[in-house]
Amino acid sequence: DVIRWYDLDATADAKARNFHICDACVSATVDDLSLHEKSGYSAWNVRGRAIIHSGNIQLSNLHLEDGRSMLNVPKFSMIYDNYLAFRDFTRKVSLSGQIRNTQLDTWTLSYLTPVQEMPLDLSINEASFNGTVNNMKLHYLDFSEAGGISGKLSGKVSNLTDIRNAAVDAEIDRLEFT
């Protein structure tokens, strides 16, 4: 089951500091967070800095583990018109970020976005992206896959939630098969 971002129901245990609330803004540094969402998704050893204000969520130095994946995200943001945008997360919430030294598994991806399941065990050395899930620009992606494919590319991915009809327009700097 996928996380329904417009209908979150999660329990969490957190240790945080530097917690501030002012006007329409909340910020905190999370030292350790574990969570369980009603979809069945669980994560632990979550840490980073968060700033949340109207129409914008900014995360920095985010680290997350869920037993299958380990994400390291120096910068990540979500921009949206209002909270109703989360009802159509893949088209109405704009994402941007950088990823480094990350292991990403299909199991994790299938909870975070409604991407149809396909086998994936991806190591991301470094990546930068922006756009919506269904219209994502990859500024660069340096990766290797457990099946023996590695490479470095940039480009655009469209319709990612329907992998059979997804479109990739990529400029390949390096592609290797072992």
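Residues numbered from 1 in each chain as written. Predicted model: local features only at pLDDT ≥ 70, side-chain atom pairs only at ≥ 80, totals over all residues. Heavy atoms only, no water.

## A closer look at the sheet that holds strand β3 (residues 42–53)
And step 1. Taking strand neighbours across the sheet as the criterion, the 10 strands line up as β1-β2-β3-β4-β5-β6-β7-β8-β9-β10 in an open arrangement whose pairing is antiparallel. The open sheet has two edge strands with one neighbour each: β1 (10–22) and β10 (167–177). Geometrically, the sheet is characterised by an average inter-axis angle of 10° between neighbouring strands, direction not taken into account.
And step 2. Bridge count for strand β2 (residues 25–37) against β3 is 9 bridges, and the pairing is antiparallel. Its bridge partner lying in β3, valine 26 is registered against isoleucine 52. (Pairing = 2+ DSSP bridges. Helix = DSSP H or I, 4+ residues; strand = E, 2+ residues; numbered from the N terminus. Axes fitted to C-alpha atoms, helices over the stretch in contact; angles between N-to-C directions.)

## Re the pattern of salt bridges
And step 1. By the definition in use, this model includes 4 salt bridges.
And step 2. Here arginine 17 ties to aspartate 31 by a salt bridge, and the two come within 3.1 Å at their closest N and O atoms. Linking arginine 17 in strand β1 with aspartate 31 in strand β2, this pair joins segments that are 14 residues apart in sequence.
And step 3. Residue class for aspartate 31 comes out partly exposed when judged on its relative accessible area of 36%.
And step 4. Between aspartate 142 and arginine 174 there is a salt bridge, and its shortest N-O distance comes to 3.1 Å. Note that aspartate 142 is positioned in strand β8 (residues 135–145) and arginine 174 in strand β10, a separation of 32 residues in sequence.
And step 5. Accessibility expressed as a relative area gives 18% for aspartate 142, which makes it buried.
And step 6. When its relative accessible area of 29% is taken as the criterion, arginine 174 is described as partly exposed. (Salt bridge = Lys/Arg side-chain N within 4 Å of Asp/Glu carboxyl O. Buried < 20%, exposed > 50% of the residue type's maximum accessible area, 1.4 Å probe, protein only.)

## Focus on unusual backbone geometry
And step 1. One non-glycine residue, aspartate 23, lies in positive phi territory at about 45°.
And step 2. Locating aspartate 23 in the fold gives a position in the loop between β1 and β2.
And step 3. Residues other than glycine seldom take positive phi values, yet asparagine 101 does so here, at roughly 45°.
And step 4. When you line up the elements, asparagine 101 lands in strand β6 (residues 94–105).
And step 5. Assessed through its relative accessible area of 56%, asparagine 101 is described here as exposed.

## What to know about the nonpolar core
And step 1. Counting residues in hydrophobic clusters, the biggest one holds 32 residues, and the most contacted among them are Met78, Phe86, Phe89, Val93, Leu95, Phe129 and Leu141.
And step 2. Counting only elements with at least two residues in this core, the list comes to β3, β4 (56–65), β5 (70–79), β6, β7 (121–132), β8 and β9 (149–158). (Core = buried A, V, L, I, M, F, W, Y, C linked by side-chain atoms within 4.5 Å.)

## Topic: the packing of aromatic side chains
And step 1. Per the stated rule, a full pass over the model turns up 4 aromatic pairs.
And step 2. When the centroid spacing of 6.0 Å and the interplanar angle of 35° are considered together, the rings of tyrosine 41 and tryptophan 107 count as tilted. Placement of the pair is tyrosine 41 in the loop between β2 and β3 and tryptophan 107 in helix α2 (residues 106–112), with a sequence separation of 66 residues.
And step 3. Ring centres 4.9 Å apart and planes at 65° place the aromatic pair tyrosine 80 and phenylalanine 86 in the edge-to-face group. Across the pair, exposure class does not vary: tyrosine 80 and phenylalanine 86 are buried alike.
And step 4. Grouped by ring-pair contacts, the aromatic residues Tyr80, Phe86 and Phe89 constitute a single cluster. (Phe/Tyr/Trp six-rings, centres within 6.5 Å; stacked < 30°, edge-to-face > 60°.)

Keep in mind that these numbers describe shape and distance, not what the molecule does.
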